[in-house]
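# Coordinate analysis (summary)
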Amino acid sequence: MPSLAPLVARVRPSVVNVFVEVVTPRWYVDPWGRRRYLPPAVRDSLGSGFLIDGEGHILTNRHVVGRGARILVQLADGREFPARIVGKEEDIDLAVLHVDVKGLPWIDLGDSDAVQVGDYVVAVGNPLGLSSTVTAGIVSAVGREITSERPGYADFIQTDAAINEGNSGGPLVDMEGRVIGINTAVSGQGQGIGFAIPINIVKQVLPQLLEHGVVRRSWFGIWWRPLDAAGAKRLGFDPGGDPGRRVWIVDVMPGGPAEQAGLRPGDVVLRFGGQTVDRPPLFGWMASTAASGRPVDIEVWRGGRTVAVQAVPIPAPQAPE
């Protein structure tokens, strides 16, 4: 009978347990109004991760490591190594760790753009502390938006492979044993509804995380919103379907990259950097991660015709600390 055992045997050695020691200061005010400190509370959190090269780099979720004071990773064979955080990206809940050990087993990154609904997938992780647990299912949907306290990227892979607490940060792999996503969330309202970050998005920002520790954002100087039916009617734009799948530029910053390129309020963005823009939640991510200083081809609809421009983004202004 067909079996996933050969695939699992290749993948499981690269998946790690992530233990995080979180130290919480504790204090109280005595009857004389003086602050008295207690021994700090220590709490261990648990998640998953996976090795991506022979240099000891590990991918996991940012929420797994949080503000941990001490991070320890445990391999499938039981060996344990201290780890440090190399980089974190808040918007897609991503973290890169490093262990100072060479030659550990690692896993190939696949192509999440090729994923189709109905594809078989396997999730490997450490749910509820049960190390190296393997579950299987299918891709239930792609391009899912999920609600979070920090809106950012919104293009998740949905799967019915069982994902539970502790699976976060573990790999979702295809039938070739390549990572197509990072398991990151599960629906609390239903069973068999889990979400994974597409690996192509991770590959897009990974070089910056390895080099700088953060993703350096770019800025075009535009304000935009999803185009609604009333806006489409006012502009005379026929969306050919749901107008909410289009991006409408409502204003541009005087002297900014967008204005210098010739973009105007009222433009409807059709293509950006060679990609069709038909899902507004992704547009902010596309724009903010475009390489600063490199021209980006942009096509917009304006007054009944298509206009092509090139805009050169600049580094995003830093918020004051």
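Keep in mind the model is a prediction, meaning the values are calculated, not measured.

## Regarding the environment of D30
Structurally, D30 is set in the loop between β1 (15–29) and β2 (35–51). Under the relative-accessibility criterion, D30 is labelled buried at 7%. Residues D30 and T159, 129 residues apart in the sequence, show an inter-C-alpha distance of 52 Å.

## Remarks on the nonpolar core
With 27 residues, the main nonpolar core has L59, L94 and I182 as its most contacted residues. Among the elements of the structure, α1 (5–11), β6 (94–98), β7 (120–125), β11 (179–186), β12 (194–198) and α3 (199–212) are those that each provide at least two residues to this core. Formed by 21 residues, the second largest nonpolar core is a distinct cluster that contains M286, V307, V309 and A311.

## Considerations on the sheet that holds β7
As a general point, the strands of a sheet are linked pairwise by backbone hydrogen bonds and lie either parallel or antiparallel. A barrel is described by the order of its strands in space; here 6 strands give the closed sequence β7-β8-β9-β12-β11-β10, paired in antiparallel fashion. Strand-to-strand twist of the sheet, defined as the mean angle between neighbouring strand axes without regard to direction, takes the value 45°. Where strand β8 (residues 133–144) lies against strand β9 (residues 156–159), 3 bridges are found, and the strand directions are antiparallel. Paired with A141 across the bridge in β9 is Q158. On top of the sheet, α3 reaches β11 and β12; it is set at about 40° to β12, its chief contact.

## Digging into the pattern of salt bridges
Inspection of every chain in the model, using the stated rule, returns 9 salt bridges. Of the charged contacts in the structure, one is a salt bridge between E55 and K102, with a shortest N-O distance of 2.7 Å. Linking E55 in the loop between β2 and β3 (57–60) with K102 in the loop between β6 and β7, this pair joins segments that are 47 residues apart in sequence. The closest approach of N and O atoms between R217 and D91, which form a salt bridge, is 2.9 Å. Highlighted residues: R217 in the loop between α3 and β13 (218–219) and D91 in the loop between β5 (80–89) and β6, separated in sequence by 126 residues.

## Observations regarding unusual backbone geometry
Of note, D93 is a non-glycine position whose phi angle comes to about 55°, a positive value. Mapping D93 onto the fold places it in the loop between β5 and β6. Overall, the relative accessible area of 14% leaves D93 in the buried class.

## Re α3
End to end, α3 covers 20 Å across 14 residues, agreeing with the expected 20 Å (1.5 Å per residue, within 8%). Of all the bends in α3, the greatest, near 40°, is centred on V205, and the proline P207 appears no more than four residues after it. Among the structural elements, β3, β5, β6, β11, β12 and α6 (280–288) are those in contact with the buried residues of α3. Positive phi shows up at G213, right after α3, with a value of about 85°.

## Some details on the packing of aromatic side chains
A complete count under the given rule lists 4 aromatic pairs for this structure. These aromatic residues form a ring-pair network of at least three members: F220, W224, F272 and F283.

What counts, and at which threshold
- Residues numbered from 1 in each chain as written.
- Predicted model: local features only at pLDDT ≥ 70, side-chain atom pairs only at ≥ 80, totals over all residues.
- Heavy atoms only, no water.
- Helix = DSSP H or I, 4+ residues; strand = E, 2+ residues; numbered from the N terminus.
- Buried < 20%, exposed > 50% of the residue type's maximum accessible area, 1.4 Å probe, protein only.
- Core = buried A, V, L, I, M, F, W, Y, C linked by side-chain atoms within 4.5 Å.
- Pairing = 2+ DSSP bridges.
- Axes fitted to C-alpha atoms, helices over the stretch in contact; angles between N-to-C directions.
- Contact = heavy atoms within 4.5 Å.
- Salt bridge = Lys/Arg side-chain N within 4 Å of Asp/Glu carboxyl O.
- Expected span 1.5 Å × (residues − 1).
- Bend = angle between axes of the 7 residues up to and from the residue.
- Phe/Tyr/Trp six-rings, centres within 6.5 Å; stacked < 30°, edge-to-face > 60°.

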